[in-house]
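Chain by chain, the residues:
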Amino acid sequence: MNQKLKEKIMESLSAVLPITGIVLVVSIFLVPLELGTMFMFLTGALMLVAGMGFFQLGAEMSMTPLGEGIGVQISKTRHMLLIVAIGFGMGMIITISEPDLQVLARQVPSIPNMTLILTVAVGVGIFLAVAIVRILFQVSLAAILAVLYLALIGMSFLVPKEFMAVAFDSGGVTTGPMTVPFIMAMGVGLASVRGDKNASSDSFGLVALSSVGPVLAVLILGYFYNPSQASYELASLADVVTTRDLLWEFLTSMPPYIKEVMVSLVPVAAVFAVFQLFPRRYQQRQVKRILVGFGYTYIGLVLFLCGVNVGFAPVGSFLGKEIGAAGWRWLLVPIGMLIGYYIVKAEPAIQVLNHQVESVTNGAVSAKAMNRCLSIGVSASVGLAMLRVLTGLPIYWIMIPGYLTALVMSRFVPKMFVGIAFDSGGVASGPMTTTFLIPLSIGACEAAGGNLMTDAFGVVALVALTPLIAVQIMGIQYQAVMRKSGGSAAAVPQYAAALDVSPVDDIFDFEDEDIFDLEEDENGYE
């Protein structure tokens with residue numbers, strides 16, 4: 001096995017193992033599962049591990065260099081109208097390709113699937129173009145986010161309450177495994193051409209702005225549609241008795257994901273072909289490596305989505321329904337918090353973000369520290385989501401104070417952490433959240449007799465909220481260490497030591513002949 005692939009699979013195993021262990025413990029002591037169902041779950045977990053390993057390696061080999069290359073080319077373009085058009089087009093293409101959005105669109109009643117998908121895609125396209133212009137003109141990210149979120153909060157009072165949770169959820173699902181590696185790498189490429197002292201800080205923020213666009217767009221859509229009745233269909237447990245039944249269940253379930261991921265990757269591959277044919281940016285060997293990376297990404301996403309949807313989602317909905325109907329239903333809150341703490345580590349896009357942060361900060365903010373910070377934030381958000389399921393607490397009682405707190409904090413933390421924090425909010429809500437936590441909350445909501453549209457939906461929105469605050473708290477700690485050290489380079493190891501980790505080299509090491517080989521030009525990319 002390729003050594004780098006082996007490393008990625010081992011990372012994936014360490015991320016998936018805890019959540020698998022939690023489900024096993026719950027099934028033994030609280031909600032017994034049939035052996036056939038348990039083996040379905042374990043098989044899904046194995047596919048999850050392999051899928052994450054292939055995806056992470058594929059993203060490094062294809063999405064990252066492609067996004068960086070496009071970012072560099074855009075920076076060299078002098079025609080602002082062309083820059084905006086490219087940003088809008090890339091936002092539309094990459095959003096329509098996002099598997100998470102397809103999942104959400106199928107669950108929202110009263111709105112045609114394609115109407116919701118195109119609305120979200122337009123929102124991402126507009127705000128990705130805005131994000132690109134912001135980087136080129138060095139506009140303050142905190143100022144733009146303050147204006148946009150205040151507008152978002154104001155608009156939320158003008159739409160039906162049943163629509164608010166869906167609107168905020170749509171902002172979270174658009175930044176998934178397809179969009180995050182590409183958009184974040186584009187930000188690095190855009191900022192690299194500038195070369196000024198704020199370039200690293202400004203490389204973050206594209207995901208943050210791209211997450212706001214869908215919420216605003218769907219809130220506007222709320223004026224025309226009113227989904228008052230939910231038509232969500234809980235994933236049913238497969239009747240698996242023998243090993244042949246187990247194999248047959250996964251084999252018959254895989255073709256839709258093979259097609260879905262192919263449809264997702266073809267537009268991105270087409271963009272690569274266009275940028276290669278005209279600027280001739282990549283050498284022949286680099287083209288070969290990127291194509292291999294697309295292959296790894298394809299295999300990884302198929303395995304991941306099939307494992308999550310077939311093995312994980314039915315168990316999530318079953319556990320939620322059983323716990324919600326039990327006399328000890330309040331245990332759903334601590335169980336949800338424990339699941340939230342570990343589930344974020346199993347999100348493919350989270351690992352891409354964490355390694356990108358570690359790379360740009362030269363180890364000052366390690367992937368391990370980011371993982372811990374995001375785990376705490378998501379744990380709190382899932383606990384709040386489960387509390388809403390049981391009590392019917394209105395989501396805006398949490399969302400509005402939460403976003404106002406994050407916006408106030410953004411005035412006092414280093415610029416870089418503002419971008420990282422708001423990016424991490426979108427990235428944390430990926431396919432694991434969509435296909436495990438949403439069924440868990442909906443199952444519990446149905447059992448508790450709640451309103452699906454107002455109480456169950458919104459878990460993705462809450463998962464996207466709390467990292468904004470958690471990462472900025474980490475930024476305040478970073479700032480304190482920097483001030484104590486006088487702003488010297490020594491602050492990097494001191495800060496890492498404060499988080500009980502050690503600085504590491506750039507995670508994107510393409511010197512390995514088995515992975516990818518980048519040759520630097522005058523801007524640092526080729």
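This structure is a prediction, so every number in the text was calculated from the model and none was measured.

Below, the discussion takes up the overall build of the chain. A tally of helices and strands in the chain yields 21 helices and zero strands. Within the chain, contacts between residues separated by at least 24 positions form 86% of all contacts whose residues are at least 6 apart in sequence. Carbon and sulfur atoms make up 64% of the accessible area of the chain, which amounts to about 19600 Å² in all.

Only a minority of non-glycine residues have a phi that is not negative, and only a minority of peptide bonds are not trans. Non-glycine residue Gln 138 carries a positive phi angle of around 55°. Within the fold, Gln 138 resides in the loop between helix H5 (113-137) and helix H6 (141-156).

Attention now goes to the nonpolar core. Residues Ile 70, Leu 145, Met 186, Phe 312, Ile 339, Phe 422 and Leu 437 are the most contacted members of the largest nonpolar core, which totals 170 residues. Of the residues forming this core, the biggest block, 17 residues, is contributed by helix H2 (residues 35-76). Not counting chain neighbours up to four residues away, the residues in contact with Phe 312 comprise Ile 19, Thr 20, Phe 41, Gly 44, Ala 45, Leu 48, Gly 307, Met 432 and Phe 436.

Another aspect to go through is the packing of H2 against helix H14 (residues 348-360). In contact at an axis separation of 10 Å, H2 and H14 are set at 40° when each is read in the N-to-C sense. Taken together, the axes of H2 and H14 are oblique relative to one another. Crossing hand, H2 versus H14: right-handed. Contact residues: Met 52, Phe 55, Gln 56 and Ala 59 in H2; Pro 348, Gln 351, Val 352 and His 355 in H14.

The geometry of an aromatic ring pair is captured by the separation of the ring centres together with the interplanar angle, meaning the angle of the planes. According to the stated counting rule, one finds eight aromatic pairs in the structure shown. Centre to centre, the rings of Phe 168 and Tyr 403 are 6.0 Å apart; their planes meet at 25°, and the pair counts as stacked. You can see Phe 168 sitting in helix H7 (residues 161-173) and its partner Tyr 403 sitting in helix H16 (residues 396-409), a full 235 residues away along the chain. An angle of 55° between the planes, with centres 6.2 Å apart, marks the rings of Phe 272 and Phe 294 as tilted.

Moving on, we get to the environment of Glu 249. Inspection of the secondary structure assignment puts Glu 249 in helix H11 (residues 243-277). A relative accessible area of 26% means that Glu 249 is categorised as partly exposed. Here the alpha-carbon distance between Glu 249 and Val 310, two residues 61 residues apart in the chain, equals 8.2 Å. Apart from residues lying up to four places away in sequence, Glu 249 is in contact with Met 40, Ala 238 and Val 310.

A few words now on a nonpolar patch on the surface. A surface patch of nonpolar side chains, about 590 Å² in accessible area, is lined by Val 25, Ile 28, Phe 29, Leu 30, Trp 328 and Leu 331. Positionally, Phe 29 belongs in helix H1 (residues 3-29).

Now for helix H17 (residues 415-428). In a regular helix each residue adds 1.5 Å, so 14 residues correspond to 20 Å; H17 covers 20 Å between its end C-alpha atoms and thus fits that length. In terms of burial, H17 is a largely internal element, 13 of the 14 residues being buried.

Sizing a probe to match a water molecule and rolling it over the atoms shows the empty space that remains. A complete count under the given rule lists four cavities of 30 Å³ or more for this structure. The volume enclosed by the largest cavity comes to roughly 120 Å³. Going through the elements one at a time, H6, H7, helix H10 (206-221), H17 and helix H20 (459-484) are the ones with two or more residues in the lining of the largest cavity. Its residues assigned to classes, the lining of the largest cavity shows 10 nonpolar, five polar and no charged. If you add up the space inside the second largest cavity, you get close to 50 Å³.

Next up on the list: the environment of Phe 318. Relative to the elements of secondary structure, Phe 318 occurs in helix H12 (residues 284-325). Under the relative-accessibility criterion, Phe 318 is labelled partly exposed at 23%. Separated by 126 residues in sequence, Phe 318 and Ala 444 place their C-alpha atoms 8.7 Å apart.

The next point concerns the packing of helix H13 (residues 332-343) against helix H15 (residues 367-391). Viewed as axis vectors pointing N to C, H13 and H15 meet at an angle of 150°, and their least axial separation amounts to 7 Å. Classed by the angle they form, the pair H13 and H15 counts as roughly antiparallel. Where H13 crosses over H15, the handedness of that crossing is right-handed. In this structure, H13 uses Leu 332, Val 333, Gly 336, Met 337, Gly 340 and Tyr 341 to contact H15, whose residues at the interface are Arg 372, Ser 375, Ile 376, Val 378, Ser 379, Val 382, Gly 383, Met 386, Leu 387 and Leu 390. The class makeup of the residues in the contact of H13 with H15 is 10 nonpolar, five polar and one charged.

Before going further, it helps to examine the pattern of salt bridges. When the charged atoms of two side chains lie near each other, side chains of opposite charge can form a pair. Within this structure, the stated rule accounts for one salt bridge. Here Glu 60 ties to Lys 8 by a salt bridge, and the two come within 2.7 Å at their closest N and O atoms. Taken together, the residues Glu 60 in helix H2 and Lys 8 in helix H1 connect sequence positions 52 residues apart. We note that Glu 60, like Lys 8, is buried.

This part takes up the side chain of Ser 441. With respect to the element layout, Ser 441 can be found in helix H18 (residues 431-448). Beyond its immediate stretch of four places on either side in the chain, Ser 441 contacts Met 386, Val 389, Ala 456 and Val 459.

The pLDDT averaged across the chain works out to 79; a share of 85% of its residues lies at or above 70. In this model residues 488-526 is a low-confidence stretch, pLDDT under 50, and it forms 95 contacts with partners more than four residues away in sequence or in other chains.

Here we take up the side chain of Glu 60. Take Glu 60: its relative accessible area is 4%, and that puts it in the buried class. Among the polar contacts made by the side chain of Glu 60, one reaches the side chain of Lys 8 at a distance of 2.7 Å.

What counts, and where the lines are drawn
Residues numbered from 1 in each chain as written. Predicted model: local features only at pLDDT ≥ 70, side-chain atom pairs only at ≥ 80, totals over all residues. Heavy atoms only, no water. Helix = DSSP H or I, 4+ residues; strand = E, 2+ residues; numbered from the N terminus. Contact = heavy atoms within 4.5 Å. Areas by Shrake-Rupley, 256 points an atom, 1.4 Å probe, with all protein chains shown as cover. Core = buried A, V, L, I, M, F, W, Y, C linked by side-chain atoms within 4.5 Å. Buried < 20%, exposed > 50% of the residue type's maximum accessible area, 1.4 Å probe, protein only. Axes fitted to C-alpha atoms, helices over the stretch in contact; angles between N-to-C directions. Parallel < 35°, antiparallel > 145°, perpendicular 65-115°, else oblique. Left-handed = near helix turned anticlockwise from the far one by under 90°. Phe/Tyr/Trp six-rings, centres within 6.5 Å; stacked < 30°, edge-to-face > 60°. Patch = residues over 30% accessible without salt bridge, like charges linked within 9 Å, V, L, I, M, F, W, Y side chains within 5 Å. Salt bridge = Lys/Arg side-chain N within 4 Å of Asp/Glu carboxyl O. Expected span 1.5 Å × (residues − 1). 1 Å grid on protein atoms, 1.4 Å probe; cavity = no way out; pocket = protein on both sides within 12 Å on 5 of 7 lines; lining within 4 Å. Points joined across faces, edges and corners; volume = space filled by probe spheres on them. Nonpolar A, V, L, I, M, F, W, Y, C, P; charged D, E, K, R; others polar. pLDDT = per-residue confidence, 0-100. Polar contact = N/O pair within 3.5 Å; in protein donor to acceptor, adjacent residues only side chain to side chain.

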